[in-house]
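Per-entry structural report
Residue strings, one per chain:
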Amino acid sequence: MLGKLFLFILFQILASSSSSSEEDESSSESGNKGEHPKSSSHGHWNYLDQDAWSSDFQHCSGQSQSPINIATRQAIFDPQLPEIKLEGYDLSDSELLKLVNNGHTLQLNLPDTMRIVSGFDNIFLAAQLHFHWGTIEAPGSEHTIDNVHFPAEIHVVHYNSKYHNISEAASKLDGLAVLGAFIGIGLHENENYEKILSSLMDVSREESDTEIPGFNVRNLLPNKLAKFYRYNGSLTTPPCYQTVNWTIFNDTITVSRKQLASLEDTLKAGLDQHLTKNFRAPQLLYNRQVMSSFRAEPSSTGPQIPSYPDSDGQSKKGRTINEPAYSKEVLSRGDILAIVFGALFTVTLLSFMIYACQQRKKTLSLKKDTRQNVIYKPATKEEV
Ligand SMILES: *[C@@H]1O[C@H](CO)[C@@H](O)[C@H](O)[C@H]1NC(C)=O
Ligand SMILES: *[C@@H]1O[C@H](CO)[C@@H](O)[C@H](O)[C@H]1NC(C)=O
Ligand SMILES: *[C@@H]1O[C@H](CO)[C@@H](O)[C@H](O)[C@H]1NC(C)=O
Ligand SMILES: *[C@@H]1O[C@H](CO)[C@@H](O)[C@H](O)[C@H]1NC(C)=O
Ligand SMILES: [Zn+2]
C-alpha cells in the first residue's frame, strides 16, 4: 500500500519536473547568446547578440518572426494545402553556380529557372539556398520539432514571380517562399551534399566565393515532399521582414558525420573565428497557427535514430534529434531535482515506517498477545 503510494508520488515528481524542464528549454534556448556581447554597430549583426537585432532592425521584434518551435501535436491538419511541385531544379553541369561564405552562412546562388510551380497562389522563383548549423557538440537547426533541434537545416529561398527580383520581393507581404528541411546524421556519405561540401575549402575565408558546376538541386531536399508544415513567418536574419511563407518538410535528409563536421569546422567568420552556431533562437508564436499537410501519426512512425560506425568499428547512436545537447543539459537538471526529491522522500518515509513499526512492537508487547505475531503479516495488508 505505502510502497505503491510512494512509487506513485515519485512518478508524479518525476513527471512534473520533466515537464517543467520542457518549458525551461525555450528560455535556456534564447539564453544561448550574449555570452560574448559585442556592441553591434549599425547594419552589422551577429548570432551571439540576437537580442540586439531589433534595435537596428525594427522588424526583428515583430509578432510573426522565424524560426519557431513546431509543436507537432498542435499543428492543424489542412487537407487543402496544395502539394509542392518543383521545376527546373535539375541543373546542367555546364551551368556554374556561385558558392559564397558571406560570414553568416554558406550560400549557393540559384538561377531563376528553378521554381515552385505549384503550392502557392503564384509561381515562386529560386534565388539562393543556404544552411544553418551548430557545432560538433550542439545541434544547430533553426526550427525545432517539439523543442528539439536537428544538427542542421537547409533553406531554399524563392521569391514571388510577380516581382522583378528578390530584393524587391523581400519586403513585400507575399514576397517570399522558403523551403526548409532538417539535416541529420546518417551512415553514408550524401553524394548530393558533397557537390557543395567538396568546395568548402575554397570559401573558408569570409567574403570569399567560388563557382561549382550545376547539379540536381532537388536531391538536396528530402525524398518525400508531401508532408510538410506551413506557417507565416519571417527572414531569420536581419532585417527580419515578415514576408516568408514557410514550408518545413516532415521528411528529413542525412549526411555523414564527417560531412557535418566539415560544415561545422571549415568556414571562418572574420579573421580567426569559426563560422558556427549560425542559428536564431525560436521565436514566440503569438497569434499564429502552424498548419500541416498531413495527419500526425503515432511517434513510432517518426524519424528513426540513425547509427554510425565508430572508429573502432562499433556502432553507436548518432548525434540526432533524440540526443540534442540542449535538452540533455536541461533534462539532467530535471533528473537531479527528481533524484534529490526522491531521496528526501525515501528517507522521510523509511524513518516514518521504522518509527511506526517500533510503536506497534511496543503496543503488541504491552498487550502480551502470544498467539500471533502480527508483524510478519505482509505489509500490503496492514494499515500502518
Ligand atoms: C502561403 O501560401 C498559402 C498557400 O498558397 C496561402 O494560402 C497563404 O495565404 C500564403 N501566406 C501568405 C502570407 O501569403
Ligand atoms: C530589383 O528590381 C528593382 C525594381 O525593378 C530595381 O530598381 C533594382 O535595381 C533591382 N535590384 C537588383 C539587385 O537587380
Ligand atoms: C498566413 O497569412 C495569410 C494572409 O494574411 C492568411 O490568409 C493565412 O491564413 C495565414 N496562414 C496561416 C497558416 O495562418
Ligand atoms: C514528422 O511527423 C511526425 C508525426 O507527427 C512527428 O512525430 C515527427 O516528429 C515529425 N518530424 C519532423 C522532422 O517534422
Ligand atoms: Zn536561413
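The rules behind these values
- Residues numbered from 1 in each chain as written.
- Chains lettered and ligands numbered in written order.
- Predicted model: local features only at pLDDT ≥ 70, side-chain atom pairs only at ≥ 80, totals over all residues.
- Heavy atoms only, no water.
- Pairing = 2+ DSSP bridges.
- Helix = DSSP H or I, 4+ residues; strand = E, 2+ residues; numbered from the N terminus.
- Near = heavy atom within 4 Å.
- Polar contact = N/O pair within 3.5 Å; in protein donor to acceptor, adjacent residues only side chain to side chain.
- Areas by Shrake-Rupley, 256 points an atom, 1.4 Å probe, with all protein chains shown as cover.
- Disulfide = S-S within 2.5 Å.
- Nonpolar A, V, L, I, M, F, W, Y, C, P; charged D, E, K, R; others polar.
- 1 Å grid on protein atoms, 1.4 Å probe; cavity = no way out; pocket = protein on both sides within 12 Å on 5 of 7 lines; lining within 4 Å.
- Points joined across faces, edges and corners; volume = space filled by probe spheres on them.
- Buried < 20%, exposed > 50% of the residue type's maximum accessible area, 1.4 Å probe, protein only.
- Contact = heavy atoms within 4.5 Å.
- Core = buried A, V, L, I, M, F, W, Y, C linked by side-chain atoms within 4.5 Å.
- Patch = residues over 30% accessible without salt bridge, like charges linked within 9 Å, V, L, I, M, F, W, Y side chains within 5 Å.
- Salt bridge = Lys/Arg side-chain N within 4 Å of Asp/Glu carboxyl O.
- Lys, Arg positive; Asp, Glu negative; His and termini not counted.
- Charge placed at Lys NZ, Arg CZ, Asp CG, Glu CD.
- pLDDT = per-residue confidence, 0-100.
- Donors = N, O, S within 2.8 Å, 3.2 Å for Na, K, Ca; no water.

1. Concerning the pairing of strand β5 (residues 106-109)
- Examined bridge by bridge, strand β4 (residues 96-101) and β5 share 3 bridges and lie antiparallel to one another. Each bridged residue has a counterpart across the sheet, and for V100 the counterpart in β5 is Q107.
- Hairpin connection, β4 to β5: the antiparallel pair is bridged by 4 residues, and G103 has positive phi, about 90°.
- Bridge count for β5 against strand β7 (residues 124-133) is 3 bridges, and the pairing is antiparallel. What sits directly across from N109, in β7, is Q128.

2. As for the site of ligand 3
- Near ligand 3 you find N232, Q289 and M291, and these make up its full shell.
- N232 places a side-chain nitrogen or oxygen 2.3 Å from an oxygen atom of ligand 3.
- Within the complex, 34% of the 360 Å² of free accessible area of ligand 3 lies under protein.

3. Some details on the state of the cysteines
- The final tally for this structure, using the stated rule, is 1 disulfide.
- Two residues share a disulfide in this structure: C60 and C240, whose sulfurs sit 2.1 Å from each other. On the sign convention where negative means left-handed, the S-S torsion of about 85° between C60 and C240 marks this disulfide as right-handed. In this pair, C60 is assigned in the loop between α2 (53-56) and β1 (69-70) and C240 in the loop between β12 (228-233) and β13 (244-249), connecting sequence segments 180 residues apart.

4. Re the site of ligand 4
- In the neighbourhood of ligand 4, 11 residues make up the surrounding shell, with I145, Y229, N250, F294 and A296 lying closest.
- At 2.4 Å from an oxygen atom of ligand 4 is found a side-chain nitrogen or oxygen belonging to N250.
- In isolation ligand 4 has 360 Å² of accessible area, and contact with the protein removes 90% of it.
- Its residues assigned to classes, the shell around ligand 4 shows 7 nonpolar, 3 polar and 1 charged.

5. Re empty space enclosed by the protein
- Per the stated rule, a full pass over the model turns up 4 cavities of 30 Å³ or more.
- Space inside the largest cavity adds up to approximately 60 Å³.
- Elements represented by at least two residues in the lining of the largest cavity include exactly α4 (191-197) and α5 (257-266).
- Looking at the lining of the largest cavity element by element, the count peaks at 3 residues for α5.

6. Brief notes about the side chain of S293
- Turning to its location among the elements, S293 is positioned in the loop between β17 (291-292) and β18 (307-309).
- Among the residues examined, S293 registers a relative accessible area of 17% and is labelled buried.
- Of the polar contacts made by the side chain of S293, one reaches the backbone oxygen of A226; its length is 2.7 Å.
- Ignoring any residue separated from it by four or fewer positions in sequence, one finds S293 in contact with F77, D78, L81, A226, K227 and F228.

7. Details of the nonpolar core
- Of all hydrophobic cores here, the largest spans 45 residues; its most connected members are L106, L129, F131, I154 and I196.
- Elements supplying a minimum of two residues to this core: β4, β5, β7, β9 (152-160), β10 (176-186), α4, β14 (253-256) and α5.
- Ignoring sequence-local partners within four residues, the contact set of L129 consists of L106, Q107, L108, L110, I154, H155, V156, I196, V217 and L220.
- By size, the runner-up hydrophobic cluster in this structure holds 22 residues, among which are I68, L176, V290 and F294.

8. What to know about a negative patch on the surface
- Taken together, E206, E207, D209 and E211 make up a surface patch of like negative charges.
- Tracing the chain through its elements places E207 in the loop between α4 and β11 (209-213).
- For E207, a relative accessible area of 55% translates into the label exposed.

9. Some details on the confidence of the model for the protein
- For the protein, the average pLDDT comes to 79, and 66% of its residues sit at 70 or higher.
- Note on residues 1-40: pLDDT is under 50 here. Beyond four places in sequence and across chains, it has 47 contacts.
- Note that pLDDT drops below 50 for residues 301-332; the model gives that stretch 59 contacts with residues more than four away or on any other chain.

10. Focus on the environment of P111
- If you trace the backbone, P111 turns up in the loop between β5 and β6 (115-118).
- Along the primary structure P111 and L91 are separated by 20 residues, whereas in three dimensions their C-alpha atoms are 9.1 Å apart.
- The residues contacting P111, other than those within four sequence positions of it, are L91, E95, L97 and A126.

11. Description of the coordination of the zinc ion (ligand 5)
- On the protein side, the zinc ion (ligand 5) has H130 (NE2), H132 (NE2) and H155 (ND1) as donor atoms, found 2.0 to 2.1 Å from it.
- Sequence spacing among the residues donating to the zinc ion (ligand 5) works out to H-x1-H-x22-H. Just as H130 is buried, H132 falls in that class too.

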